[in-house]
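Observations on the model geometry
The primary structure of each chain is shown beneath.
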Amino acid sequence: MAKKKRTKSKSTSSKKSFSLKLSKQNKIIFGSLLIVLSIALFFSFLSYFFTWQDDQSLLSEFNDRNAQASNLLNKFGAAVSHFFMFKGFGLASFAFPLLLAITGLYLFLGLNGKSLVGKWIWGLVGIIWVSVALGFFAMEQPLLGGLIGFEMNDFLQDYAGKIGVFLLLIFVLMVILVRLFNFTPEGFANFFRSQQQKIKSDFKNPNTEAKGKNDPEEIISLSFDEEPELKIDDYTHRKDIPPLQNEAGLDVNLPQDDKADIDLTVEQVTVEEEETDVKAAKLVKDFGEFDPKLELGNYKFPPIELLDPHGASGGITINQEELEENKNKIVSTLKNYKIGIAQIKATIGPTVTLYEIVPEAGIRISKIKNLEDDIALSLAALGIRIIAPIPGKGTVGIEVPNKNATVVSMRSVIASNKFQKAEMELPIAFGKTISNETFVVDLSKMPHLLMAGATGQGKSVGLNAVITSILYKKHPAEVKFVLVDPKKVELTLYNKIERHFLAKLPDSDEAIITDNNKVINTLNSLCIEMDNRYELLKTAMVRNIKEYNVKFKARKLNPNDGHKFLPYIVLVIDEFADLIMTAGKEVETPIARLAQLARAIGIHLIIATQRPSVNVITGIIKANFPARIAFRVTSKIDSRTILDTQGADQLIGRGDMLYTQGNDVTRLQCAFVDTPEVAKITDYIGSQRAYPEAHLLPEYVGEESGTSLDNNISDRDAMFREAAEVIVTAQQGSASLIQRKLKLGYNRAGRIIDQLEAAGIVGPFEGSKARQVLVPDMYALDQLLANETK
Ligand SMILES: Nc1ncnc2c1ncn2[C@@H]1O[C@H](COP(=O)(O)OP(=O)(O)OP(=O)(O)O)[C@@H](O)[C@H]1O
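Please read all numbers here as calculations on a predicted model, not as lab measurements.

Regarding the overall build of the chain
Counting its regular elements, the chain contains 29 helices and 15 strands. Taking all 790 residues of the chain together, the buried fraction comes to 36%. Look at the contacts in the chain between residues 6 or more apart in sequence, and 67% of them connect residues 24 or more apart.

Below is the structure:
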């Protein structure tokens, strides 16, 4: 292990020295030069073999224009070949054009040159080995090992004798095999075992005998024909990533042995797993880690200058007089109620100042709490909030609004160290706390957010702040938004980044959903996406999207098995009340389901509403949205509905908000981002190269399209029987299962499910749950289908 790590770090450091910071054009020029040079060397070497004796006398006449060499590349070829082959490494010199060609190709195609240094090192080791080994024959054929090969061989022989050199060469060969080809005795044994099985199965199956006689390669190429074509990776569109399984004969043989011998299958699986790891490591070594950002490799994050400083060039202006005045008022008011103060301290925030009071000994905190309204009245200010006691501090806090509130610009929070250095999956800079600290939280940890507040108090600005934060930190490959905007005006600006950051249903024109009926389809489609993602996580044997993506990047998951890099999906619903009013349970159920289950697979919900009543924010919704934001609301009841505590009714509006993620409630001033700023950001992103289309969500076939139950046997899909077998074997009636197992499109799988329902094999549609399978086993299925045809 330690050794492995060391070699890894070595190669990364060498990679640094390799990437000479050549521009793209220079790389292409330099790459083509190397390729041309390698071709020239190859032909020189090749022809040198036949002409070296003729040309040797010419070498001293290199400058003579009239002298002609017999080498294909004339004097240049003769001289270079003489240097490399005769004076150098003999036959092994052919590796030089090969290494040059590989290097040239890497540069030409702009590939990651991480593994090049390793290739050169191993190439040189191989060259020396071959030339020393061929040095044994130098007397008969001096060209085989070259001068260096001969001299080295001779030198070693002087000390170790012929046998010693031979043993040394065997040892070096062993080192090369182990380090370069991961040679292990078990691998060697397994190879033989698989060959043995292959021969056995060839005997058992005479049809393949004739073909099988040739070569294992023959079998591999045959199986390739049967395999579906190599899929191009969804994100990189690269085809150059060799499939994990098709490479080795072992996997190709697996299906034949599956049924025949259970013991054997178990053995194969472990080998396969080991091999997958080894292959993944090799793929990473050759191609580097999978980079989901590669397709939009030139994507530029929006610069901070697009955001407006909103006048506040930094810090808050402290009005000493105001501070003193408020302090005196608080002290005298409390005195009126016979509450003595031992100490008072002020913390100035952007919109409110917190006065922390340590009451004199013996004063009951509940007494202060009961006086809340009276104190507010005496201070004659709106938006006073009393926190008695401040959790974990043992003091009483009185928040008094500043006369001149400072706007917290989005620019200041995005530029803050805290946000810039945030190592979070989906960092959100909400704004600033009362002590003027930037408040950054991770949406993926929330994991869903409920935002409520009366109209005009800053909800839309809050939503924009959330989206902007993510846009400033995440690449289009890493996150996708599903935007629902029944008001039709709030989120339209994000249309410009449709092909970068938005996700939509395959058949919809607009990525931003404004029609409530479409919302239901989208939510159900997200549920399907969720199920599909869980299935992927299950087959990858990981617990969450983060682990999955790490594994995928390490190339341990084969794209040919349906694995792909999973971006986070953030569903934003701007006016949830409107949706609940029109669609009711139909949206509540999928939302609750997503909220309950989607956290692990990277789907996060943000729902905003201006009507925080109990029939909108229902118990189910509340239970699944622990992170909540309340902007100013009009009544204590509304505040309770959102936060389970009062306080939101005492806010001052304009982005003044309370945030809770469980117990504590934090008062924040929401960062302000104006529409023109959002427009600039979306313009900036939208003007860059994009994906061909928005990220497509799985197709959702609505209930209405599945109602025509026509049990016409002749109209059945060709894959009907296979589908029925899949469903009955798995005892799970889902279209996505058919889709996956039989590699069909969703529409076709949906049609087959309808036919299965008509045939009485699966039960009726049950929302997002899988249908019930009505046939218990394969025997019953055979009976049922046989009876149909009678
Ligand atoms: N964080 C903030 N800082 C300063 N001013 C703000 C902030 N948030 C909102 N405002 C002010 O409040 C106004 C209304 O905000 P916004 O449009 O976000 O309200 P809303 O709650 O979405 O209203 P509606 O529900 O009617 O859409 C803004 O135009 C802006 O002037």
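A closer look at the sheet that holds strand 7 (residues 449-452)
The strand order 6-5-14-13-12-7-11-10-8 describes an open sheet built from nine strands, whose pairing is mixed. The sheet terminates laterally at strand 6 (438-442) and strand 8 (479-484), the two strands that pair on one side only. In this sheet, adjacent strand axes meet at a mean angle of 30° when their direction is disregarded. In terms of strand pairing, strand 7 meets strand 12 (residues 627-630) through four bridges, oriented parallel. Among the inter-strand pairings, Leu449 is bridged to a residue of strand 12, identified as Ala627. Across the sheet, helix 19 (residues 516-540) touches strand 8, strand 10 (568-573) and strand 11 (603-609), and the angle it forms with strand 8 is around 155°.

Thoughts on the site of the ligand
Around the ligand there are 14 residues in total, and Gly458, Lys459, Ser460, Gly655 and Phe672 lie nearest to it. Counting residues per element, the shell around the ligand draws most heavily on helix 17 (residues 459-473), at three residues. The residue makeup of the shell around the ligand, split by class, is four nonpolar, eight polar and two charged.

Focus: the pairing of strand 8
Burial within strand 8 is extensive, with six of its six residues counted as buried. On strand 8, burial covers both faces: Val479, Phe481 and Leu483 on one face and Lys480, Val482 and Val484 on the other are all buried. As paired strands, strand 8 and strand 10 are joined by six bridges and run parallel to one another. Looking across to strand 10, one finds that Val479 is bridged to Tyr568.

With respect to the sheet that holds strand 3 (residues 385-387)
With antiparallel pairing, four strands are arranged side by side in an open sheet as 1-2-4-3. Among the strands making up the open sheet, the edge pair consists of strand 1 (341-348) and strand 3. This sheet shows a mean twist of 20° between the axes of neighbouring strands, independent of strand direction. Set on the sheet, helix 12 (residues 320-336) makes contact with strand 1, strand 2 (352-359) and strand 4 (396-401); between it and strand 1 the angle comes to about 145°.

Description of the UniProt feature "binding site: ATP" (unreviewed entry) in the chain
The feature "binding site: ATP" (unreviewed entry), as given by UniProt, occupies Gly453, Ala454, Thr455, Gly456, Gln457, Gly458, Lys459 and Ser460 in the numbering adopted here. Within the secondary structure, Thr455 is located in the loop between strand 7 and helix 17. Residue placement: Gly458 occurs in the loop between strand 7 and helix 17. Not counting residues up to four positions away in its chain, the partners in contact with Gly458 are Gly453, Phe631, Arg654, Gly655, Met657 and Cys670.

Here we look at the packing of helix 26 (residues 720-730) against helix 28 (residues 746-758)
One can describe the packing of helix 26 onto helix 28 by two numbers: an axis separation of 10 Å at closest approach and a directional angle of 75°. Between helix 26 and helix 28, the angle falls in the class roughly perpendicular. Between helix 26 and helix 28, the residues in contact are Phe720, Ala723, Ala724 and Ile727 and Ile752, Gln755 and Leu756, respectively. Each residue belonging to the contact of helix 26 with helix 28 can be placed in one class, and the counts come to six nonpolar, one polar and no charged.

Parameters at a glance
- Residues numbered from 1 in each chain as written.
- Predicted model: local features only at pLDDT ≥ 70, side-chain atom pairs only at ≥ 80, totals over all residues.
- Helix = DSSP H or I, 4+ residues; strand = E, 2+ residues; numbered from the N terminus.
- Buried ≥ 20, exposed ≤ 12 C-beta atoms within 10 Å, placed from the backbone.
- Contact = placed C-beta atoms within 7 Å.
- Pairing = 2+ DSSP bridges.
- Axes fitted to C-alpha atoms, helices over the stretch in contact; angles between N-to-C directions.
- Near = placed C-beta within 6 Å.
- Nonpolar A, V, L, I, M, F, W, Y, C, P; charged D, E, K, R; others polar.
- UniProt positions renumbered as here; feature names shortened; annotations may be inferred.
- Parallel < 35°, antiparallel > 145°, perpendicular 65-115°, else oblique.

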